[in-house]
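Single-letter residue listing:
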Amino acid sequence: MKKVNNLFMLLAAIMALSVTSARSETVSEYHCNFDTSIDTSDHAFQVASNWGHKVDSYNAKETWGNYDYFVDYKYYSGAGVDGSYALKAGSQNIGFQGDWWGTPADLKDVNDLLITPPS
């Protein structure tokens, strides 16, 4: 019975060590310093040199014509953890909200994605 307990403890220790090392490797791949200003005025902005951005948009019908809508991203100082900088993404449901003249809403779900670096 003592050998079974020792074997179980050895396996548990190996699993704990392998999970810890895998976690630290994965996290380091996605590191990005949000304290560096990110210009979100261009819809195809890039978070960092090793990140990607798949921009999606929707051309919605409005009262006076059709217009392109994009997911709204904003860069904030002081809005992150412990007062750090943060990047906030708006809704993925975008388009014309409708108006008081009775023009109906024209909304669509899009897939605008920030792509983390490959491992």
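Above this text sits the structure in question.
Presented here is a report on the structure given in the accompanying data block. Here the structure is a predicted model, which is why all the values come from computation and not from measurement.

### Things to note about the overall build of the protein
- When helices and strands are counted, the protein shows one helix and eight strands.
- The linear arrangement of helices and strands in the protein, starting from the amino end, is α-β-β-β-β-β-β-β-β.
- When each of the 119 residues of the protein is scored for burial, the buried share is 18%.
- Restricting to contacts in the protein with at least 6 residues of sequence separation, those with at least 24 account for 47%.
- Per element, the accessible surface of the protein, about 8,800 Å² overall, is 58% carbon and sulfur.

### Details of the packing of aromatic side chains
- Tallied over the entire structure, the rule returns four aromatic pairs.
- Ring geometry for Tyr 75 and Tyr 85: centres 5.5 Å apart, planes at 15°, overall stacked. Here Tyr 85 lies in the loop between strand S4 (73-76) and strand S5 (86-89) and Tyr 75 lies in strand S4, a separation of 10 residues in the sequence.
- Taken together, the ring pairs connect Trp 64, Trp 100 and Trp 101 into an aromatic cluster.
- A cation sits over an aromatic face here: Lys 88 above Tyr 76, 5.2 Å from the ring centre.

### Side note on the nonpolar core
- Grouped together as the largest cluster of nonpolar side chains are 14 residues, with contacts concentrated most on Phe 45, Val 47 and Leu 87.
- Those elements that provide at least two residues to this core are strand S2 (57-62), S4 and strand S6 (93-96).
- With residues near it in sequence (within four places) discarded, Leu 87 still touches Phe 34, Thr 40, Phe 45, Val 47, Tyr 73, Lys 74, Tyr 75 and Leu 114.

### Observations regarding the side chain of His 53
- One can find His 53 in strand S1 (residues 52-54).
- Residue His 53 is classed as buried on the basis of its relative accessible area of 16%.
- In this structure the side chain of His 53 is engaged in a polar contact, spanning 2.9 Å, whose partner is the backbone oxygen of Phe 45.
- Setting aside residues no more than four positions away along its own chain, His 53 makes contact with His 43, Ala 44, Phe 45, Tyr 73, Asp 112, Leu 113, Leu 114 and Ile 115.

### Here's the deal with the side chain of Asp 112
- Among the structural elements, Asp 112 can be located in the loop between strand S7 (106-109) and strand S8 (113-115).
- The charged side chain of Asp 112 is buried without a salt bridge, its nearest counter-charge being Lys 54 at 7.2 Å.
- Among the polar contacts made by the side chain of Asp 112, one reaches the main-chain amide nitrogen of Asp 56 at a distance of 3.2 Å.
- In terms of polar contacts, Asp 112 uses its side chain to reach the side chain of Tyr 73, at 2.7 Å.
- Ignoring sequence-local partners within four residues, the contact set of Asp 112 consists of His 53, Lys 54, Val 55, Asp 56, Val 71, Tyr 73 and Gln 92.

### Describing unusual backbone geometry
- Even without glycine at this site, Asp 82 takes up a positive phi of about 55°.
- Following the sequence through the fold, Asp 82 ends up in the loop between S4 and S5.
- A relative accessible area of 79% places Asp 82 in the exposed class.

Each value, and the rule that gives it
- Residues numbered from 1 in each chain as written.
- Predicted model: local features only at pLDDT ≥ 70, side-chain atom pairs only at ≥ 80, totals over all residues.
- Heavy atoms only, no water.
- Helix = DSSP H or I, 4+ residues; strand = E, 2+ residues; numbered from the N terminus.
- Buried < 20%, exposed > 50% of the residue type's maximum accessible area, 1.4 Å probe, protein only.
- Contact = heavy atoms within 4.5 Å.
- Areas by Shrake-Rupley, 256 points an atom, 1.4 Å probe, with all protein chains shown as cover.
- Phe/Tyr/Trp six-rings, centres within 6.5 Å; stacked < 30°, edge-to-face > 60°.
- Lys NZ or Arg CZ within 6 Å of the ring centre and 35° of its normal.
- Core = buried A, V, L, I, M, F, W, Y, C linked by side-chain atoms within 4.5 Å.
- Polar contact = N/O pair within 3.5 Å; in protein donor to acceptor, adjacent residues only side chain to side chain.
- Lys, Arg positive; Asp, Glu negative; His and termini not counted.
- Salt bridge = Lys/Arg side-chain N within 4 Å of Asp/Glu carboxyl O.

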